[in-house]
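Inside the fold
These are the residues of each chain, in order.
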Amino acid sequence: MKKKSLNKSSLFREGFKQSAIVFFLSLMIVLSSQSDVSAASANQKDQDHTITGVVTDSQGLSLPGVSVRISGTTQGTSTDIDGRYTINQLEKGQTLIFSFIGMVSQELDPSTATSFDIVMLDDAQGLEEVVVVGYGSMQRKQITSSVSTVDSESLQKKATTTPMQLLQGKVAGLTISRPSGSDPTASPSIMIRGNTSLRGYASPLIIVNGVEVSSLDIISPEDIETFSVLKDGSAAAIYGSRGTNGVIIITTKEGKEDRATVEYSGYASFEQVYNKPDMLTADEFRALGNKLSKETGDASTDWYDELLQTSRNYTHNIAISGGSSKTKYRASIEHSDVTGIVLESFKKRLNGRININHKAINDRLNVKADLSASQTRYRAPDYGAFSTAVTMNPTHSIYNEDGTYQYFSERFRDNPIASIKNRTSDNAHKILLSSIYADFKIIEGLKLGGRLAWKIEDWNIGEYESRLSERSIENSQEGFAKREAKFSYRDNYELNANYRKQIGKHELSGMVNWTYEKDIYETMLMENRGFATDAFLYNSIESGSFLKDPDQSDYKMDTYKQKVELESYRARLVYSYDNKYMLTGSINREGSSVFGKNNKWGTFFGVSGGWTISEESFMQTIPEIDYLKLRIGYGETGNAGASPYSSLARIGQEFLSYNFRGKPIVAYGLTNNPNPNLGWEKKAEINFGLDFAILDNKIDGSLDVYQRKTSDLLYLLPAALPSAVNDKLLTNIGDLYSEGIELSINTKNIVSEDFSWTTSFNASYNQGKVEKLDLSSGSAFFHVEETSLGSIYKVETGEPLGNFYGKRFDRIDENGNWVFKDLNNNGEMDEGEGDKEIIGNGAPKYHIGLTNSLRYKNFNLDIFFRSALDFDILNHGKMFYENINKFPNSNIYATTGQNGLKDAPQYSDYYLEKGDYIKLENISLSYNFDVKNINYISSARLYVSCSNVFTITKYSGLTPDLEAGGLTPGADRLNFYPVSRTFTIGASIKF
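Predicted model only: the values in this text are computed from it and were never measured.

**Brief notes about the overall build of the protein chain**
Along the backbone of the protein chain there are eight helices and 51 strands. Computed over its C-alpha atoms, the radius of gyration of the protein chain comes to 31 Å, within 12% of the 30 Å expected for a compact globule of 991 residues. Seen through its principal axes, the protein chain has C-alpha atoms that stretch 100 × 70 × 60 Å. Across the 991 residues in the protein chain, those meeting the buried criterion constitute 51%.

Structure (structure tokens):
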């Protein structure tokens, strides 16, 4: 039978249909549960009584937000801003359970009175805290791997276009950089414990509520409850081939058993450029022109300033939540409107989310439904315009006398303002994510469950370049139009069983899981030129003449479709004895359609153990140590760093066509070299950890030391022709080793009724090297990033990634010419390998984060510093344009000529600078209003903040905060997004 295929619109429609079913079923559960709650309340009314009280900490300070739950049920409440609570519907024989993150849970028998004041004690390391790990959750005290958590209360309040910016500098070993500056349309670069691959697949796996996501546009920062970061191999092994780069698990906020609450949060912000390239002004340019007898213009144009516009960001978020003992719900909607600091750039996003949790059949059945939707419209900035603006002649005018744009004859010197204004760009990105999870308690301790999830992404891209643009005029192309559509559809199916049993001091829990994922991705692209009018923009591509002219080849039509399937069988077993000794093991058998027929399946496992030393009797004589736990773990993970069909022989259209009987015949042939042995990259990692708390829990933290090795690295190698079809072959070529240390410390410096001061500090060190390269040439190295001045980087056996490779500067002679060191002492300068060596490295070895939080009465001040140390930066701008030979065709740096150079640009360590920096990343001041006398308001907060406040560095470029990973770190190129400072004012209120 012929299998019916769905086109893109029908797939999208089907996804909405399935998501709507999940939503309406969940809504009916909410409505039906209300009658059950009312009936139950009526039956209990005669036998209930009320308990009240106040909850404080060991210092006597009131604790708002403490969970107060009736034992054996999900009923309960939370303490208000003054720590007060009231519990109704308490039956005879029931107890109250008080719990709070960072505190030891307490159970109270309320049969002797009706009012109880509770004092909660600090919980070292948050041992009772439930931490989300892969395919489940565990109490902090049971965790034996390297797992860091950050909750919503610990995050900086600042303007952000992506939730990952909130984690920046908060977790040791987690590096988040913005290689595109503060561009609102760009994503940050994320890396856990350094590079693990040569292919650039360094980003960790990101999971939202149990479902993998590729874009964080689907989630609002205000919806996030916690981040869990799985850093070592034993923690990430449960994710198999997706766990090599680490895992970040995001859990969103859910409704609580309470009356319905409404929360609003919003902020307004604006950006200010605070560092610009130090180029010649128009007057300085003319003065130099007169000195050198070079012709200049009469205008005075700051091309860089002309690229900028006023940047504003408005974000509003509203959430409604509540629930009963049976059903809890939370719904939120957020609108964000960001005007970029660069001309014509913007990003507008609308997010919506609803989740519903319901218990039925005497609380044996638990159902969770989640629906998220996001629509983003944006125009990305023109990065090429930055480098053009920096080097444009400042004595040229933007406009002609008649008001039209002026065009110039210099090569690569299009008028950057005209280039932006003459181009129309309209892009839309839609995401729909829906999931439903259910589990059923078969017997005490045993649950069977499953999850269904669907993710649909849709991109629509439209671009048009005017007939009046410089390129259209010079190339007689009469306008350019482009339409592109991308579509992604993912199915996710899971079945799992969880078992937990405690016998005396022995506790055993286990999990088995089956997962199947299918990803479909397709694109369609149309381009054309030769339009009679600009009126239709990109909406009438067929009217362009190039598409109809068989003699023209300057147009494009392209379609593509791919499918990736992943199937996993995994299990985990956790054992603990007396909360002292813990052992965890996991295994994952996984198959991927990406790899060759001989290597489609891989097995990945992790094992870890922990010893809570502070529970031993011999430690009771050391009162200064409140908690001490030793961890050790080993894990093996994989990396599917290959594109679909890379292992197969693919057929595609060749660029040659043939005439057969007067008709053009398109030829088809093999487009790549098949590799049936193409397999996973494999990473093995061992981790030693120590968790501690001392001095009555005033100081706590963790220390981790690790070693990791990635084998069977994937890379594209040259292939021998003509025996091979293509000159490149994707194959497994070598090994990569790295090691590191991570330290996190939290201190309670001062804690009193009116004033408190806490500090959080984290630092990490990472260093690696290439252990083996099996190159087809037999060489032990290869070069990366070829430029007009030669290759910049070298990847070599025995050396770390990110090495700059080139000449050593000696001096500039009396004639203004370069003199480089003769490294091989042969009396002459060799352009090959002889007189070049490793001259620096662009990857920081140390990362530091420091947060100080101070509270005085209702005021809170948070100050966050971060730092990167021990790395070099190649200043591309000065290498090319701090050179008098570029004048007057290009603008040049104001420092040009100070060193007496008259020679042409050369790449050497002369342009390498130390990149070390300390940055005041964010400072935030907030005020919590006293609303205890306002019945309808639970809390209200106002704050102001400033991000990217200042940077202390010796680097002379725009910013040292550059790309830290991949094969080409530490490169400061001219097309870097402007460095800006952000000012924010925001408020939140809960009704």
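**Observations regarding helix H3 (residues 282–292)**
Quick reminder: α-helices carry 3.6 residues per turn. Residues three or four places apart thus point the same way. Among all positions of H3, only Ala-282, Phe-285, Arg-286, Leu-288 and Gly-289 are buried. All buried residues of H3 lie within an arc of 165 degrees about the axis, which places them on one face of the element. Set apart from the buried face of H3 by more than 90 degrees, the exposed residues are Asp-283, Asn-290 and Lys-291. Downstream of H3 by one or two residues, Ser-293 has phi in the positive range, about 60 degrees.

**A few points about unusual backbone geometry**
Backbone torsion omega between Phe-887 and Pro-888 reads 5 degrees, so that peptide bond is classified as cis. Tracing the backbone shows Pro-888 in the loop between helix H8 (876–881) and strand E47 (912–914). If you check the backbone angles, Tyr-645 has positive phi at about 70 degrees while not being a glycine. With respect to the element layout, Tyr-645 can be found in the loop between strand E29 (625–639) and strand E30 (651–660).

**A closer look at the packing of aromatic side chains**
All told, the structure shown has 28 aromatic pairs when counted by the stated rule. Relative to Tyr-634, the ring of Phe-605 lies with its centre 5.9 Å away and its plane at 45 degrees, an arrangement referred to as tilted. Remark: Tyr-634 occurs in strand E29 and Phe-605 occurs in strand E28 (residues 601–612); sequence separation between them is 29 residues. Classification of Tyr-634 as partly exposed rests on a relative accessible area of 28%.

**Re the nonpolar core**
Formed by 44 residues in total, the largest nonpolar core has its most connected members in Leu-198, Ile-733, Leu-773, Phe-782, Val-795, Phe-804 and Leu-874. Those elements that provide at least two residues to this core are strand E34 (714–718), strand E37 (755–773), strand E38 (781–787), strand E39 (790–796), strand E42 (818–820), strand E46 (872–875) and H8.

**A look at the sheet that holds strand E3 (residues 76–78)**
If you walk across this open sheet you meet the four strands as E3-E2-E5-E6, and the pairing is antiparallel. In the strand order of this sheet, the two ends are held by E3 and strand E6 (106–108), each with one partner. Pairwise comparison of adjacent strand axes, ignoring direction, gives a mean angle of 20 degrees for this sheet. As judged from the three bridges shared by strand E2 (residues 67–70) and E3, these two strands associate in the antiparallel manner. Its bridge partner being in E3, Arg-69 is matched across the sheet by Gly-76.

**Some remarks on the domain arrangement of the protein chain**
Each assigned domain of the protein chain is listed here: domain 1 (49–122), domain 2 (130–252) and domain 3 (261–651 + 665–802 + 842–871 + 915–964 + 971–990). Each of domain 1 and domain 2 has a C-alpha centre, and the two are 33 Å apart.

**Structural notes on the sheet that holds strand E10 (residues 147–151)**
Here five strands make up an open sheet; going across it, the order is E10-E15-E16-E13-E14 and the pairing mixed. Bordering the open sheet on either side are E10 and strand E14 (211–212), each of which pairs with just one other strand. Two strands pair when backbone bridges link them, and strand E15 (residues 224–230) and strand E16 (residues 247–252) are joined in this way by six bridges, in the antiparallel orientation. Paired with Phe-227 across the two strands is Ile-250, which belongs to E16.

**Some remarks on the pairing of strand E23 (residues 446–465)**
The element E23 is extensively covered by neighbouring structure, given that 15 of its 20 residues are classed as buried. Pairing between strand E22 (residues 423–443) and E23: 20 bridges, direction antiparallel. The partner of Ala-428 across the bridge, within E23, is Asn-460. Between E22 and the antiparallel strand that follows it, E23, lie two residues; Gly-445 among them carries a positive phi value of about 95 degrees.

**Observations regarding the pattern of salt bridges**
Between side chains of opposite charge, a pair can form when the charged atoms approach closely. Overall, the coordinates contain 52 salt bridges when judged by the stated rule. Salt-bridge contacts for Arg-423 lead to Glu-465; the nearest nitrogen and oxygen are separated by 2.5 Å. Of this pair, Arg-423 sits in strand E22 while Glu-465 is found in strand E23, placing the two residues 42 residues apart along the sequence. The exposure class of Arg-423 is partly exposed, given its relative accessible area of 22%. Note that Asp-691 and Arg-631 form a salt bridge whose closest N and O atoms lie 3.0 Å from each other. In this pair, Asp-691 sits in strand E32 (residues 681–694) while Arg-631 sits in strand E29, placing the two residues 60 residues apart along the sequence.

**Points about helix H5 (residues 383–391)**
For H5, the set of buried residues is Ala-385, Phe-386, Thr-388, Ala-389, Val-390 and Thr-391. Of the surrounding elements, those touching the buried residues of H5 are helix H4 (303–306), helix H6 (416–421) and H8. Measuring from the backbone nitrogen of Gly-384 back to the side-chain oxygen at the start of H5 gives 3.1 Å, which picks out Asp-382 as the cap.

**Overview of the pairing of strand E26 (residues 556–577)**
Sheet analysis places strand E25 (residues 506–529) next to E26, joined by 22 bridges and oriented antiparallel. For Tyr-521, the partnering residue across the bridge sits in E26 and is Gln-562. As judged from the 12 bridges shared by E26 and strand E27 (residues 581–592), these two strands associate in the antiparallel manner. Counted as the bridge partner of Arg-572 is Ser-586 from E27.

**Some points on the side chain of Lys-580**
Relative to the helices and strands, Lys-580 is located in the loop between E26 and E27. Once residues within four sequence positions are removed from consideration, Lys-580 is found in contact with Gly-610, Trp-611, Thr-612, Glu-615 and Glu-616.

**Brief notes about the environment of Ile-952**
Considering the arrangement of structural elements, one finds Ile-952 in strand E49 (residues 939–953). Residue classification places Ile-952 among the exposed positions, given a relative accessible area of 51%. With 35 residues separating them in the primary sequence, Ile-952 and Tyr-917 have C-alpha atoms 5.5 Å apart. When residues no more than four places from it in sequence are discounted, the contact partners of Ile-952 are Asp-916, Tyr-917 and Ile-918.

**Some thoughts on the environment of Ile-442**
Assignment of secondary structure puts Ile-442 in strand E22. In the structure, Ile-442 is positioned 78 residues away from Arg-364 in sequence and 7.8 Å away in space, judged by C-alpha atoms. Ignoring anything within four residues of it in the chain, the contact list for Ile-442 reads Arg-364 and Leu-448.

**Considering a nonpolar patch on the surface**
There is a patch of nonpolar side chains on the surface, built from Val-262, Ile-318, Ile-320, Ile-333, Leu-350, Ile-934, Tyr-936 and Phe-991 and spanning about 670 Å² of accessible area. Among the secondary structure elements, Tyr-936 is positioned in the loop between strand E48 (917–928) and E49. With relative accessibility at 56%, the residue Tyr-936 sits in the exposed group.

**Looking at the environment of Tyr-910**
Structurally, Tyr-910 is set in the loop between H8 and E47. When the C-alpha positions of Tyr-910 and Ala-418 are compared, they lie 36 Å apart, and in sequence the two are 492 residues distant. Excluding its chain neighbours within four sequence positions, the residues that come into contact with Tyr-910 are Phe-809, Trp-818 and Asn-899.

What counts, and where the lines are drawn
- Residues numbered from 1 in each chain as written.
- Predicted model: local features only at pLDDT ≥ 70, side-chain atom pairs only at ≥ 80, totals over all residues.
- Heavy atoms only, no water.
- Helix = DSSP H or I, 4+ residues; strand = E, 2+ residues; numbered from the N terminus.
- Rg over C-alpha atoms; globule rule 2.2 N^0.38 Å.
- Buried < 20%, exposed > 50% of the residue type's maximum accessible area, 1.4 Å probe, protein only.
- Arc of directions from axis to C-beta.
- Phe/Tyr/Trp six-rings, centres within 6.5 Å; stacked < 30°, edge-to-face > 60°.
- Core = buried A, V, L, I, M, F, W, Y, C linked by side-chain atoms within 4.5 Å.
- Pairing = 2+ DSSP bridges.
- Axes fitted to C-alpha atoms, helices over the stretch in contact; angles between N-to-C directions.
- Domains from an automatic or database assignment.
- Salt bridge = Lys/Arg side-chain N within 4 Å of Asp/Glu carboxyl O.
- Contact = heavy atoms within 4.5 Å.
- Polar contact = N/O pair within 3.5 Å; in protein donor to acceptor, adjacent residues only side chain to side chain.
- Patch = residues over 30% accessible without salt bridge, like charges linked within 9 Å, V, L, I, M, F, W, Y side chains within 5 Å.
- Areas by Shrake-Rupley, 256 points an atom, 1.4 Å probe, with all protein chains shown as cover.

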